[in-house]
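Residue-level listing of the chains:
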Amino acid sequence: MEHLTPEANSVLRRSLVRVTVGGSLAMVYMACVGSPATTEFFRFLGATETHFGLFSGLPMLMLSLQFVGAVLTNRLRARKPAFMFCMIASRLTYVLMVLAALWAPPSSRRAVLLLSIGLVGLNAALLNIGSPLWFSWMADLIPHRVLNRYWGVRQRWMHVVWTVTHL
């Protein structure tokens, strides 16, 4: 950042702070949806060991969709809109789960549980498609001379926030 004008340096710093805050908020989200409260929510819906296996296994299967994200990265002119769509839509899947549980009658908990399994799969699919888009976008925006140092600072803050959220 030492080779930039003071104004450009200030803009870059603000941008990097925003990316760090965004990553930290993502850690809060991940800690919340992976918390014991989420497990209890699924138990409330009647989840069995098989259902929990699907809740755990579907995100692992969806890792393969990072290849789709990589193809999109090379084909799209603008990665930001596609990334934002993937991330916002993925976050909304958990909102849909809660709304379905609130609005559905108690007799349809099984249907809500099956919907939740599908939404967890959709959530993981969107996250994995969006990840390569984000990394490619950040690689273009963050100057290479500060990339490693910045990435270390960002990771530190994200893990501090993740730890505090879990506590």
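Shown above is the structure to which this text applies.
Residues numbered from 1 in each chain as written. Predicted model: local features only at pLDDT ≥ 70, side-chain atom pairs only at ≥ 80, totals over all residues. Heavy atoms only, no water.

Things to note about the overall build of the protein chain
Phase 1: Within the protein chain, the regular secondary structure consists of seven helices and zero strands.
Phase 2: Listing every helix and strand of the protein chain by position from the N terminus yields α-α-α-α-α-α-α.
Phase 3: In terms of its C-alpha atoms, the protein chain occupies a principal-axis envelope of roughly 65 × 40 × 25 Å.
Phase 4: A burial count over the protein chain gives 37% of its 167 residues as buried. (Helix = DSSP H or I, 4+ residues; strand = E, 2+ residues; numbered from the N terminus. Buried < 20%, exposed > 50% of the residue type's maximum accessible area, 1.4 Å probe, protein only.)

Comments concerning the nonpolar core
Nonpolar side chains in soluble globular proteins generally cluster together in the buried interior.
Phase 1: By size, the foremost hydrophobic cluster in this structure holds 18 residues, and its most contacted members are Phe-42, Phe-55, Tyr-94, Met-97 and Val-120.
Phase 2: Of all the elements in the fold, those that place two or more residues in this core are α1 (6-33), α3 (49-62), α5 (79-103) and α6 (109-141).
Phase 3: Once you skip the residues sitting within four places of it in the chain, Met-97 turns out to touch Phe-41, Phe-42, Val-112, Ser-116, Leu-119 and Val-120.
Phase 4: One finds Val-19, Ala-89, Leu-133 and Trp-137 within the second-largest nonpolar core, a separate group that totals 17 residues. (Core = buried A, V, L, I, M, F, W, Y, C linked by side-chain atoms within 4.5 Å. Contact = heavy atoms within 4.5 Å.)

A few points about a nonpolar patch on the surface
Phase 1: Taken together, the side chains of Met-84, Ile-88, Leu-92 and Val-95 make up a nonpolar region of the molecular surface, amounting to roughly 340 Å² of accessible area.
Phase 2: Mapped onto the fold, Leu-92 is located in helix α5. (Patch = residues over 30% accessible without salt bridge, like charges linked within 9 Å, V, L, I, M, F, W, Y side chains within 5 Å. Areas by Shrake-Rupley, 256 points an atom, 1.4 Å probe, with all protein chains shown as cover. Salt bridge = Lys/Arg side-chain N within 4 Å of Asp/Glu carboxyl O.)

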